[in-house]
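Remarks on the overall topology
Now for the letters of each chain:
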Amino acid sequence: MSQYTLHINGTTRTVDVADDTPLLWVLRDHLGLVGTKFGCGKGLCGACTVHLNGAAMRSCQLPVGAAASGKITTIEGLAKNGKLTPVQEAWIEHDVPQCGYCQAGQIMSATALLANNRKPSDSEIDAAMSGNLCRCATYTRIREAIHTAAK
Ligand code: FES
């Protein structure tokens, strides 16, 4: 067990966990940030996507120690003072979610994409989002929402 101080969603949180604990379980089980989902646990589905220093990361594959020195953002930290981000607004406008389980991860990946590419093409969106799987196949609406958020 080690103590880690995490910079997360604009605040500082301290946890005592085993060194190899994936960030996903620290978020969900120790900090109550359950918007980040467990899907595969193998880095294959994207349900657990968070931002580390603005980059989309699979938190199921990220040992807590590797995240401790960075700035972590989860889906709970995207909106500021109750104001949704353009990506979140676009998700609502296009009624993107079906079952919703993967959508936090989808939004985190889309947000990271738009931070680096303000006008992504369809192929750039598909490439950036290819690691985020959706069993309801909401991919068309996801692409439309990203284009709307990019405007
Ligand atoms: Fe992390 Fe699937 S739960 S990629």
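Since this is a predicted model, take the numbers as computed values, not measurements. (Residues numbered from 1 in each chain as written. Predicted model: local features only at pLDDT ≥ 70, side-chain atom pairs only at ≥ 80, totals over all residues.)

1. Section: helix H1 (residues 23-30)
Residues Leu23, Leu24, Val26 and Leu27 constitute the buried set of H1. Two residues or fewer after H1 comes Gly32, characterised by a positive phi angle close to 70 degrees. (Buried ≥ 20, exposed ≤ 12 C-beta atoms within 10 Å, placed from the backbone. Helix = DSSP H or I, 4+ residues; strand = E, 2+ residues; numbered from the N terminus.)

2. Side note on the nonpolar core
Among the nonpolar cores identified, the biggest contains 39 residues, and Leu23, Val87, Ile107, Met108, Ala110, Ala145 and Ile146 are the most heavily contacted of them. Those elements that provide at least two residues to this core are strand S1 (2-8), H1, strand S4 (55-58), helix H2 (64-67), helix H3 (86-93), helix H4 (103-116), helix H5 (122-129) and helix H6 (139-150). Residue contributions to this core reach at least three from each of two domains, namely domain 1 (2-77) and domain 2 (86-150). If we skip the residues at most four places from it in the chain, Ala110 touches Val87, Met129 and Ile146. (Core = buried A, V, L, I, M, F, W, Y, C linked by C-beta atoms within 7 Å. Domains from an automatic or database assignment. Contact = placed C-beta atoms within 7 Å.)

3. Digging into the domain arrangement of the chain
Domain boundaries in the chain define domain 1 (2-77) and domain 2 (86-150). For domain 1 versus domain 2, the separation of C-alpha centres amounts to 21 Å. Each partner contributes residues to the interface: domain 1 has 15 residues there, and domain 2 has twelve residues. Among the elements of the structure, strand S3 (49-52) and S4 are those that each provide at least two residues to the side of domain 1 that touches domain 2. A total of three residues in the side of domain 1 that touches domain 2 trace back to one element, the largest contributor, which is S3.

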